[in-house]
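# Observations on the model geometry
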Amino acid sequence: MRRLGPEEWSGLAMLVVCAGIGIPVVLGAADPDIPAALWVAVYTAWFVAIVAAAALEERRGTQRAVYAVSVVLSWVVVVTVPGGGLLPVLLVVVAAVGTEVVRLPASLVVVALNTVVIGITLARGGNDATGLLVGVGFYALIQVASVFSVAAIRREQQLRRDLAEAHVEQQTASVLLADAARTAERLRISRELHDLIGHQLTVLTLELEAARHRPGEAAREHVERAGRVARELLGDVRATVGELRTAPATDLREALRSVGRDVPGLDVAVEVDDAVQVDEEQTAALVRAMQEIVTNTLRHAGARELWVEVARDGEAVTLTAVDDGRGAATPIAGNGLRGLAERFAALGGAVDYDGRDGFRVLARVPAR
C-alpha cells in the first residue's frame, strides 16, 4: 500500500475543511438565495470539480476545463449566501489549486475575480465600509499568499526532480563509462597475450615439430612430450583470450544498484538472481532500462519506493520493476519507453508495462 506524504496529508486536511465549511448551510443555519437543495447540489458539484482538477495532472486540457468549472461553481456557492460566513475560504482553496493548473498570471486573474465576488458577498451581508474593506483585504492577502506559496513549493519540487534525474543520469553514465574502460583494457590485454605469448608458443611448437623428425628415439620421446605441453599451453592461452573477450565486464547487480543509489525522494531496491548471466550489450540495455524506469518514476509516478528484480526465466533474462505510485489506467509510451522498447527489440527481446496498480515494467532479453 502506498504511503501518504506531507503533500497528500495536507490535501486531505484541506478537503475536510472544505467539506465542513458547507455544513452550516446544509443544516439550515444559513439561508442561501437559491433553494437549499440546489445550493447543496452546486456545492457538491464544486467539491467534485476541485478534487478532479487537482488529480488530473496527466490530462492538462481536461484539467484546465474542470478547473474553470470549479471556479465558476465556487462563485455561485459563495455569492448566493449573504454574508458568506467562512465560505470565502473555498475561493482561497480555488486560488491555491489554480497554481498547479494554470500559469501564475492566470492564477492572479482568478484571485482578482475571487476578490470581487468576496466583496459582493460581504456587501450583501450588511458589512459597513470598514468591515468590507478589512474582509476583502484579508481574503485578498490570503489568496495571494497561498498562490505564491504553492508556486514556490512547486518550483522547489521541480528542482528536486531535476536534481534527482541528473543524479540518475550521472550514475548511469559512470557505470557505462567504467564498463567501456574495463572492456577496452580487457581487449588490449587479450591482443597482447595473443600477439606476444601466442606467437612465441606457435614458434616453439613448430620448432619442436621439426626436431621430432630428427634421428634418435630417446630424443624423439622427450620432444613429443614437449610438443604436447606446448600445444596445450597454446590452447590455454587462446581459451583465456576468448574468455577475456566475451566475459561480462560489469557486475550487473552493482551496476543497477549504482543507478538507483541515493536518489532523492525515492527508495530503490534491486535484486539480481545469481543465475543471471548477460553479455556487454545486454548489460548496457539493462542499465539503460534501469535509468529510464527510475527517471519515469521520479517524473510521473509520485512514488516513494521502487522495486527492481532481474531473474532468469527459462530461455530469457527478465527485469521487473514495480513502484508504489499513482499508476496510469491507460499508460501512453513517451520517447523514453519507445526508445527502451526499440533497444530491447534489437537484442531479440521486448518491453511491456502496466499502470493499473502502481506502474510495472517488464523487460526481457534472450538468455545467452
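These numbers come from a predicted model, not from an experiment. (Residues numbered from 1 in each chain as written. Predicted model: local features only at pLDDT ≥ 70, side-chain atom pairs only at ≥ 80, totals over all residues. Heavy atoms only, no water.)

### Some remarks on the nonpolar core
One finds Leu252, Leu256, Val294, Val310, Leu319 and Phe344 to be the most contacted residues of the largest nonpolar core, which totals 41 residues. Secondary structure elements with two or more residues in this core: α7 (129–212), α9 (252–260), β1 (267–272), α10 (280–301), β2 (305–313), β3 (316–323), α11 (335–346) and β5 (360–366). By residue number, the principal contributor to this core is α10, which donates nine residues. Setting aside anything within four residues of it in sequence, one finds leucine 252 in contact with Val272, Val276, Val278, Thr283, Leu286 and Val310. Core analysis: the second largest hydrophobic core is formed by 31 residues, Val42, Trp46, Tyr67 and Val77 among them. (Core = buried A, V, L, I, M, F, W, Y, C linked by side-chain atoms within 4.5 Å. Buried < 20%, exposed > 50% of the residue type's maximum accessible area, 1.4 Å probe, protein only. Helix = DSSP H or I, 4+ residues; strand = E, 2+ residues; numbered from the N terminus. Contact = heavy atoms within 4.5 Å.)

### Description of the packing of helix α3 (residues 36–55) against helix α4 (residues 60–79)
Interhelical geometry of α3 versus α4 gives an angle of 150 degrees and a closest axis separation of 8 Å. For the pair α3 and α4, the sense of crossing is left-handed. Counted together, Trp39, Val42, Tyr43, Ala45, Trp46, Ala49, Ile50, Ala52, Ala53 and Ala54 of α3 and Gln63, Val66, Tyr67, Ser70, Leu73, Ser74, Val76 and Val77 of α4 form the full contact between these two elements. Looking at the contact of α3 with α4 residue by residue, the classes come out as 15 nonpolar, three polar and no charged. (Axes fitted to C-alpha atoms, helices over the stretch in contact; angles between N-to-C directions. Left-handed = near helix turned anticlockwise from the far one by under 90°. Nonpolar A, V, L, I, M, F, W, Y, C, P; charged D, E, K, R; others polar.)

### A word on the confidence of the model for the protein chain
Confidence along the protein chain averages 79 in pLDDT terms, with 77% of residues attaining 70 or more. Mean pLDDT values over the elements of the protein chain span from 64, in helix α8 (residues 217–246), up to 91, in β3. (pLDDT = per-residue confidence, 0-100.)

### Overview of a nonpolar patch on the surface
Taken together, the side chains of Leu104, Leu108, Val144 and Phe148 present a nonpolar region at the surface, about 280 Å² in accessible area. Among the secondary structure elements, those contributing two or more residues to the nonpolar patch are α6 (104–124) and α7. Inspection of the secondary structure puts phenylalanine 148 in helix α7. The class for phenylalanine 148 is partly exposed, based on a relative accessible area of 41%. (Patch = residues over 30% accessible without salt bridge, like charges linked within 9 Å, V, L, I, M, F, W, Y side chains within 5 Å. Areas by Shrake-Rupley, 256 points an atom, 1.4 Å probe, with all protein chains shown as cover. Salt bridge = Lys/Arg side-chain N within 4 Å of Asp/Glu carboxyl O.)

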